[in-house]
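# Coordinate analysis (summary)
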Amino acid sequence: MSEPTHLAATASAPSNIAFLKYWGNVNEGLRLPYNPSLSMNLDAATTTTTVRFDPGLNVDSLSIDDEARRGAALTRVGQHLDHIRARADISHRAHVRSHNTFPMGTGIASSASAFAALTVAATAAAGLPLDEKVQSAIARRGSGSAARSVPDGFVAWRAAARSEDSFAESIHPPDHWDLRDLVAVVSHAHKEVGSGGGHALAAASPFFAARQRHLLGRYLAMRDALAARDLAALGPLIEAEALELHAIAMTSRPPVLYWDGATVALLNATRRWRDEGLAVYFTLDAGPNVHLLCEAHDADDLERALQARGDVERVLHNRPAYGARLVAPSAAA
Ligand code: PMV
């Protein structure tokens, strides 16, 4: 059994917002998705994680935002570390300390940034080579969408039959397009059904097979619109995709409803703002918060309109971001 040369490392990773959604696994254990997905990394929603393998430790320990965590969160992190330990042929348990810049469990994908940062920090601490595709595929096993938080900017994640082939890659760097994602936080409540439960139920929807049949066409059209920086083409595809994900969730057995009243009010407001000349489009993840996409020149007007509403608790203003990176330990929050 070899010993790691580094033992400790710190990494930072952005969350991401999916334009084309991952919803449902062909293989639940390996988190191999039914379909490819497309996303943008978010610069205002990041996780910074330090992993320190400690020869004197008997069990892994985890703190998130300075709170010690046991139970399901620690088990999931421990299993992810087990996979990395097996690859690196090491046995040390680890201290894991993580900090988020955004509220967890509210539809801002905390598991994406969390498992991307954990993967990059733990593989570096274990002395494994820093290959981006391998890291993305490892991150995917912790949380599917985490695969997309490893590469830079605008990202595509491949659906593949073999685990090592299902990784994400950058299709455009962050400076390709100054698209903004303003997250209207309407609820800090932790969601009742996590995305893991939603994935397992997805294929039970009678509409799931129909969705799979047209997704490839939507994927290709989105890639073209993204390459051309054409929001008038991309926006309607993104909205249709978000509504479809929730249609699948609402028609799963048992059904899952992630929306609040404020969610519906914001979807209607988006259409109204668009009628008034603001080029803004919505999307949603597995939660009640609404992600509003616009170009840089409309972002201040949109932010003011959101701040003026009584049903929006907080606005998180995101620009396209680089993917996961190692950072100096002193930079860890
Ligand atoms: O990575 P997970 O298991 O948290 O799933 C993410 C699911 C969605 O956010 C709803 C869609 C996506 O592609 O990010």
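For clarity, every value in this text was computed on a predicted model and none was experimentally measured.

Every α-helix carries 3.6 residues per turn, so stepping three or four residues along brings you back to the same face. Its twelve residues place the ends of helix α8 (residues 296-307) 17 Å apart at the C-alpha level, agreeing with the 16 Å of an ideal helix rising 1.5 Å per residue. The complete set of buried residues in α8 reads D298, A299, L302 and L306. Buried residues of α8, viewed axially, fall in a sector of 115°; they line one side. Exposed and facing more than 90 degrees away from the buried side of α8 are H297 and R304. Contacts made by the buried residues of α8 are with β10 (179-185), α7 (261-275), β12 (290-295) and β13 (314-318).

Here we take up the nonpolar core. The biggest cluster of nonpolar side chains holds 31 residues, and the ones touching the most others in it are V51, F53, L81, V96 and L118. Elements supplying a minimum of two residues to this core: β1 (8-20), β4 (37-54), β5 (61-64), α1 (71-88), β7 (93-100), α2 (110-125) and α3 (132-142). With 25 residues, the next largest nonpolar core counts F19, L42, M222 and L316 among its residues.

Mapping H176 onto the fold places it in the loop between β9 (168-172) and β10. Relative accessible area serves as the criterion here: at 11%, H176 is assigned to the buried category. The residues contacting H176, other than those within four sequence positions of it, are F154, L226, A227 and R229.

Further remarks concern the sheet that holds β10. Pairing in this open sheet of four strands is antiparallel, and the strands run β11-β12-β10-β13 from one edge to the other. Two strands close off the open sheet at either side, each with one partner strand: β11 (281-283) and β13. Averaged over all pairs of adjacent strands, the angle between strand axes in this sheet comes to 25°, irrespective of strand direction. Of the strand pairs in this sheet, β10 and β13 are connected by five bridges, and their pairing is antiparallel. Note on β13: the bridge partner recorded for L182 is H317. Against the sheet, helix α6 (residues 231-250) makes contact with β10, β11 and β12, and its axis sits at roughly 30° relative to β11, the strand it touches most.

For the coordinates displayed, the defined rule picks out three aromatic pairs. Pairing Y22 with W157 gives two aromatic rings, centres 4.7 Å apart and planes at 65°, and the pair type is edge-to-face. One end of the pair, Y22, is in the loop between β1 and β2 (25-27); the other, W157, is in strand β8 (residues 154-157), and 135 residues separate them in sequence. For Y22, a relative accessible area of 8% gives the class buried. Overall, the relative accessible area of 0% leaves W157 in the buried class.

Across the interface, α2 lies against α3 with an axial gap of 9 Å and an inter-helix angle of 125°. It follows that α2 is oblique to α3 by the angle criterion. Of the two elements, α2 crosses α3, and the hand of that crossing is right-handed. Listed contacts from α3 to F115, A116, T119, V120 and T123 of α2 are Q135, I138, A139 and G142. Class assignment of the residues belonging to the contact of α2 with α3 gives a composition of five nonpolar, four polar and no charged.

Thresholds applied
- Residues numbered from 1 in each chain as written.
- Predicted model: local features only at pLDDT ≥ 70, side-chain atom pairs only at ≥ 80, totals over all residues.
- Heavy atoms only, no water.
- Helix = DSSP H or I, 4+ residues; strand = E, 2+ residues; numbered from the N terminus.
- Expected span 1.5 Å × (residues − 1).
- Buried < 20%, exposed > 50% of the residue type's maximum accessible area, 1.4 Å probe, protein only.
- Arc of directions from axis to C-beta.
- Contact = heavy atoms within 4.5 Å.
- Core = buried A, V, L, I, M, F, W, Y, C linked by side-chain atoms within 4.5 Å.
- Pairing = 2+ DSSP bridges.
- Axes fitted to C-alpha atoms, helices over the stretch in contact; angles between N-to-C directions.
- Phe/Tyr/Trp six-rings, centres within 6.5 Å; stacked < 30°, edge-to-face > 60°.
- Parallel < 35°, antiparallel > 145°, perpendicular 65-115°, else oblique.
- Left-handed = near helix turned anticlockwise from the far one by under 90°.
- Nonpolar A, V, L, I, M, F, W, Y, C, P; charged D, E, K, R; others polar.

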